[in-house]
Structure formats: structure tokens, C-alpha cells
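# A structural walkthrough
One letter stands for each residue in the lines below.
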Amino acid sequence: MSALGAAKGGGEGINPTASIIGIVIIIAALAITAVMAAPALVAVIGVIIGGALVGFGVHFVPVGGAPAAMGQSPGIATGVAMLAAGAGLAGLFGGAWAAANPAFGIAVVIAAGAIGGGLMMAITCLMVNIVYIFGMGIPAASGKVAKDPITGDSQAEYKSQGTEGHGLPFISYVGGVIGGLLGGAGGTLIYYELLQVYSAMLPAMFNASAEEVLPIAVSLAGIFAVGMFLVNAVLAAYNITGTIEGPHDPKFKRFPRAIIGCAVASAVCGLFAVLIVVV
Amino acid sequence: MESILLGVGVTALAGALATVAGAAEDTESNIGSQGDPNSQVQLAPQMGYIHRIYNKAVSGEPPAYGLWVTIGAGVAWAFMATGMNPVLAIVIASSLAIFVQGVYAATAYLGRTSSLAKFEQPVYIDLLKSVTSVTMAHAFVAVFTTVSMCYLMNAALGHPFPLPLLGIVWGIALGAAGSATGNPFYGKERQYQSQMFGAGVPISASGNIVRYAEAGQRSSLDNGWFTAKLGGPASGVCFGLIVFLELWRTVLFEEAVGGWGAIIVGVIIILIFMIIDRYIETWARKNYGPYTNAEEASA
């Protein structure tokens, strides 16, 4: 069978066999953590939830890739993983800053991360529309829905001929902000949980005080959070395959598959992140 | 009070540095043709359109700037650990990072362009000489300002991340903001300048990029000159706003309402941007109106 004759890649549904294997991997990762590093079990669960949040959030981000750069399809003219990573890492910056203040609990830290990511996307999406509208004279139009699900604006007549739409209709803008919020919250949750583990375990490992090892704990948790964020963003990007307009795009329905995939990847990454301070 | 004043001053300086960084990043990526519109630069010879546009998109802008800013931040951090003056350390480290960028740009141009040999696209050595140094100069401005901004966040505002980690975070965010905002202006408005203003490029026109200037063939330097008029400053404003508002709300309101102050202010700012976006969206629909067929428009 030639490559051209092969079945269309991706698809919409969930593969039951792959999902069961994935769940077994998650349970195995949790079991290994429970045996080898019992105090870190909650942290690994947090990392899995954070990874799933990142994977889910990426599906909200309206990304048009190269066609959007020519005004041929709606969305932001860059790659899915790249934009999601940019927003999520801006969120992680805010979350890590809040986590450095001992007076703040986990709710404040996660919310700070979420707002950091959401703010980055709110500004970026606005500037995209400003460039389209005032720089290129092109109003926003979706190619996937007849009416904007939030505003009810009709789309077809504002779409220029020979294109699939352009710019960011309001639903895509809101999707971008939600994606940034979820990505920032997920990345910060991963960072926060790993920071707790490293802050607790590194002093005994290095035979030093908590203050002395704090910079190492922050750096380790930060670099693992950045790495895991990229793992989950890229996995979700593969699930999307190319471009997505936001929550109204038919591709959005694929998100359960990405959540399972990201949870499995995060469980394995989380296990290794914890084991480096135990073994 | 003094610490808040210092914090606001540093925030303003970081925002200004970020604005310059965003503008330089977008202009550099357009001169080097590294954003998503480069798909058309790569496609053009395959459609029979030979051109003299630089071509170094072997990776997206966010990972490329993540790499260069992190090298700059990491080397500056190492220099500072030896006791070197921070300003000198950042200048030297940024210069070293730009040598990496120069090697990346030269090899990427040679590799990307020579892969089009069977479509008779030549590798222009004069282009390699003239454009590579210009992208390096713009990249230096972007990397130097971003590393300086990261240094301010760490040393003056007390962010817990070490300088190299801040370099990764803000390098990727710089590339993401610059490519998101600047790419459509470079792609639709510059490469397809021959197409109708106020409409997207029809998919059937793909690859037919504008290749000729007022005199002779268009070069990538002309593209930088053009996009520096709107795409670059818009990317600068985008990245500058992100950095300034992120720092401003934290410096001023972090301690308010038990830690929730900065978060509430963040939500309010997001809502304000959302209202502005909705306003300009409806403004465009009202003032530009629906699309009409070309025949109807000319009749």
C-alpha cells in the first residue's frame, strides 16, 4: 500500500487498547513512586494533573501556522506548541514568583500562574487582530462556523475569496485566553509540586540547610517544569495536527485523547523527576 | 515606599527593554525569513519563481530565541559568578550568543537553499555575506535587551529563577510574541504585496511571492525595511506590554488581599484587553464591510 493510499492519519476517536496501556503505565508509575518515594506520591499526582491541564489548554489556543501568516486561515500565525509554550512559560514565571513568597498557599500560586499565561495570550491575540485590521485592512472571519458562538456574528460574508478565513474572531480570542489560563496553571502546578519535593528532600541529600539548597531546588523544579511543559505542548500539537481555530473547531473534540496521552507522559516524566532525588 | 518606587522604575525599564527586544526580534526574523511565511520562500522555486530572499527557517522563532537568549544569559551568569561587572558580562555574553546565531543563520541558508538545487534556485554568496551580518546585528539587539531584562528581574526585582532559566522562559516567550504578531505583516503584506489590499491571499496564489523591487531583484534587507514600519513595532509593543504588565501588577499588588491582589488586577487587565479586541473587531466589520466579488467591485 502506498503512502497516498494509506488511511487518513489521526482520526477523532479514542483507541481503547492504547488507552488501557496508558492507564497501566500511569498506575505503574504511581506504584513505583509509592514504593521508592512514598512522600512524593502526591507530587507525582499533581504533575499528572498539571500535564493534563497543559494538554487540554493547548486545544483552546487558536493557531493558524503558515496559512495564517498569509491571511489564508484564521488563528495566530505560529506553531501550536511554540505559542502554547510561550504563554505557559510566561505563566510559570508568575507562578514561580508567587511560590517564592512563603505566605502564599497553593491556590494563590496556581492562580498567579494561570493569570500570567492568560495575560500573555490576551495581549498577543489583541496585537494579532490590530495587525490584521489596521495593518492589512482585513476583518476577522472564521472558516469553521457560520456564526460566532459567543457574539452571534455571521462569518461567511467577511471571509475573502479563496481562503478559509483570517484573523481572530471573538470566540478564538476567548479560546486563546482560556488556553493561556489552563497552560499557565498546569505548568505552575508541575513546578509547585516538584519544588515541594526538592525542598524537602535535597537538604538531607546534600547535608545542608534548607536555605542553602533552595536555589538548587528552584532551578531543578523550574527546568523540569519547562521540559514537561514542552513535552505536553508537543504531544497536544500532534493530536491537533496542524492548525486549530479554538474551542469551536471540530478538531477540539479530539482533546480527551490528548489528556490521556499527556497524563501518561507526565506520569513517566514525573516519576523520573522524583527519582533523581531519591535514588 | 522606596522599594516600590524602585520596583516600578525597574518595571518600566524592563518593559522598555522588552519593547526594543520585540521590535528587533521581528525585524531580524523577517530579514532572515525565519517565521511561518518562509514556507512561501521555500515553495517559490518549486513553483518556478527563483528569488533572492534569505532563508534560515530550520526552526521556529521561539526555540531559536530560546537558545540564543539562554546562551547569552547562561554565559553572562557564568561571567558574573567570576566577579565580572554585570554590564560588561551581558555585552560579552550576548556577543558570544550572536556568533552561534551567525553560524546557525549561515548554515541554515546554505542548507535550505541548496536543497532547492533541482529547482534551479542558486545559492547567492553575496546574499550570504550581506544579509547574515545584518541579521546578526538585529539579533544582538534582541538578545542583549532580553538578557538585560532578565538580569533586572532576577537582581533588582528578586525573581527566584536563576538568570539562565529566565533566559529560557523569556527567550521562548519573545519568539512566540514576535512570530505571532509580526508574521502576518511579513507574509501577507510584504511577500504578497501584489495581491489585493484588505483581503487574505487566495490559496491558489501560494508560492508566487513578490521578487522584484523598484530596481532589480528584491532582497531580504528590503523586507526588513518594510516590516520595521509596522510588524516590528507591533511585536515590540506586544512583548513590551506582556513584560511590563506582568511585572507591574506583581510589584504593586502582590501583597494586597492576601496575595490575590495581583491576580484580581490581572483579571481586570485581561477583561479590558478583551473589550478592546471586541471593539476593534466590530469596528472593522462596520467600516470595511463584507467582501464583494472582484467583478462587482470594479463595475
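Each remark here, short or long, concerns the structure printed above.
Residues numbered from 1 in each chain as written. Chains lettered and ligands numbered in written order. Predicted model: local features only at pLDDT ≥ 70, side-chain atom pairs only at ≥ 80, totals over all residues. Heavy atoms only, no water.

Moving on: the overall build of chain B. A tally of regular secondary structure across chain B gives 10 helices and zero strands. Moving toward the C terminus, one meets the helices and strands of chain B in the order α-α-α-α-α-α-α-α-α-α. Counting only C-alpha atoms, chain B reaches 65 × 50 × 25 Å along its principal axes. Burial statistics for chain B: of 299 residues in total, 55% are counted as buried. Considering only contacts within chain B whose residues lie at least 6 apart along the sequence, 74% involve residues at least 24 apart. As displayed, chain B offers around 11,800 Å² of accessible surface, 69% of which is attributable to carbon and sulfur atoms. Taking the average location of the 14 positive side-chain charges in chain B and that of its 18 negative ones, the two points are 8 Å from each other. (Helix = DSSP H or I, 4+ residues; strand = E, 2+ residues; numbered from the N terminus. Buried < 20%, exposed > 50% of the residue type's maximum accessible area, 1.4 Å probe, protein only. Contact = heavy atoms within 4.5 Å. Areas by Shrake-Rupley, 256 points an atom, 1.4 Å probe, with all protein chains shown as cover. Lys, Arg positive; Asp, Glu negative; His and termini not counted. Charge placed at Lys NZ, Arg CZ, Asp CG, Glu CD.)

Turning to the overall build of chain A, a few remarks are in order. On a plain count of helices and strands, chain A comes out with eight helices and zero strands. Of the regular secondary structure in chain A, the N- to C-terminal order runs α-α-α-α-α-α-α-α. The globule rule puts the C-alpha radius of gyration for 279 residues at 19 Å, and the 21 Å found for chain A is close to it. Dimensions of chain A, computed from the C-alpha atoms along their principal axes, are close to 70 × 50 × 30 Å. Relative to its full complement of 279 residues, chain A shows a buried share of 60%. The contacts of chain A with a sequence gap of at least 6 include a subset with a gap of at least 24, amounting to 72%. (Rg over C-alpha atoms; globule rule 2.2 N^0.38 Å.)

Okay, the environment of I168 of chain B next. With respect to the element layout, I168 of chain B can be found in helix α6 (residues 163–191). Along the chain, I168 of chain B and P63 of chain B lie 105 residues apart, while their C-alpha atoms are 8.9 Å from each other.

Taking 1.5 Å per residue as the helical rise, helix α9 (residues 261–288) of chain B with its 28 residues ought to reach 40 Å, and the 40 Å between its terminal C-alpha atoms agrees with that figure. Phi turns positive, to about 75°, at G289 of chain B, one or two residues after α9 of chain B. (Expected span 1.5 Å × (residues − 1).)

This part covers the pattern of salt bridges. Summed over the entire model, instances satisfying the criterion amount to eight salt bridges over all chains. Across the pair K144 of chain A and D249 of chain A runs a salt bridge whose closest N-O atoms are separated by 2.9 Å. In this pair, K144 of chain A sits in the loop between α5 (106–136) and α6 (170–206) while D249 of chain A sits in the loop between α7 (210–240) and α8 (255–275), placing the two residues 105 residues apart along the sequence. Residue classification places D249 of chain A among the buried positions, given a relative accessible area of 3%. Measuring nitrogen to oxygen at the nearest pair gives 2.9 Å for the salt bridge that ties R278 of chain B to D153 of chain A. (Salt bridge = Lys/Arg side-chain N within 4 Å of Asp/Glu carboxyl O.)

What follows deals with the nonpolar core. In this structure, Y191 of chain A together with M149, W170 and F239 of chain B are the most contacted members of the largest nonpolar core, which totals 155 residues. If one sorts the elements of this core by residue count, α5 of chain A sits on top with 18 residues. In this view, Y191 of chain A contacts L92, A96, A99, V218, A221, G222 and A225 of chain A together with F161 of chain B; residues no more than four positions away in its chain are not counted. Counting nine residues, the second-largest nonpolar core is a separate cluster that includes Y54, A105, Y109 and Y124 of chain B. (Core = buried A, V, L, I, M, F, W, Y, C linked by side-chain atoms within 4.5 Å.)

Our next topic: the interface of chain B and chain A. When the parts of a complex come together, some accessible area is lost, and that lost area is often used as the size of the interface. Taken together, the 77 residues of chain B in the interface contact 78 residues of chain A. Summed over both partners, the interface of chain B with chain A comes to about 6,500 Å²; 74% of that surface belongs to carbon and sulfur atoms. At the boundary of chain B with chain A, the tally comes to two salt bridges. Notably, a salt bridge pairs D153 of chain A with R285 of chain B, separated by 3.8 Å at the nearest N-O pair. Mapped onto the side of chain B that touches chain A, the elements with two or more residues apiece are α2 (38–43), α3 (61–81), α6, α8 (231–253) and α9 of chain B. (Buried area = accessible area lost by both parts, 1.4 Å probe.)

A separate point is unusual backbone geometry. Residues and elements named next belong to chain A. Unlike most non-glycine residues, N207 shows phi in positive territory, near 55°. Looking at where N207 falls in the secondary structure, it is placed in the loop between α6 and α7. Judged by relative accessible area, N207 falls into the exposed class, the value being 73%. With a phi close to 50°, T241 is a non-glycine residue in the positive phi region. You can see T241 is positioned in the loop between α7 and α8. According to the relative accessible area criterion, T241 is partly exposed, its value standing at 42%.

Remark: the centre distance and the inter-plane angle together describe each pair of aromatic rings, the angle taken between the planes. All names here are of chain B. On inspection of all chains with the given rule, the structure shows 19 aromatic pairs over all chains. For the pair Y65 and W68, a centre-to-centre distance of 5.0 Å together with 75° between the ring planes defines the contact as edge-to-face. Here the residue Y65 and the residue W68 both occupy positions in helix α3, the gap between them amounting to three residues, near one helical turn. Accessibility classification places Y65 together with W68 in one group, the buried group. Plain terms: the ring middles of W68 and Y104 are 5.2 Å apart, the flat faces sit at 75° to each other, and that makes the pair edge-to-face. (Phe/Tyr/Trp six-rings, centres within 6.5 Å; stacked < 30°, edge-to-face > 60°.)

What follows is about the side chain of D249 of chain A. Reaching out from D249 of chain A, the side chain makes a polar contact with the side chain of K144 of chain A at a distance of 2.9 Å. Discounting residues that sit within four places of it in the chain, D249 of chain A has contacts with K144 and I244 of chain A. (Polar contact = N/O pair within 3.5 Å; in protein donor to acceptor, adjacent residues only side chain to side chain.)

Bringing the packing of α3 of chain B against α6 of chain B into the picture now. Residue and element names in this part refer to chain B. One way to put it is that α3 packs onto α6 with a least axis distance of 7 Å and a crossing angle of 150°. Judged by the inter-axis angle, α3 sits roughly antiparallel to α6. When you trace α3 past α6, the crossing you get is right-handed. Residues E61, P62, Y65, G66, V69, T70, A73, G74, A76, W77 and M80 of α3 lie in contact with α6, whose contacting residues are L163, P164, G167, I168, G171, I172, L174, G175, A176, G178, S179 and N183. (Axes fitted to C-alpha atoms, helices over the stretch in contact; angles between N-to-C directions. Parallel < 35°, antiparallel > 145°, perpendicular 65-115°, else oblique. Left-handed = near helix turned anticlockwise from the far one by under 90°.)

This is a description of form; function is not addressed.
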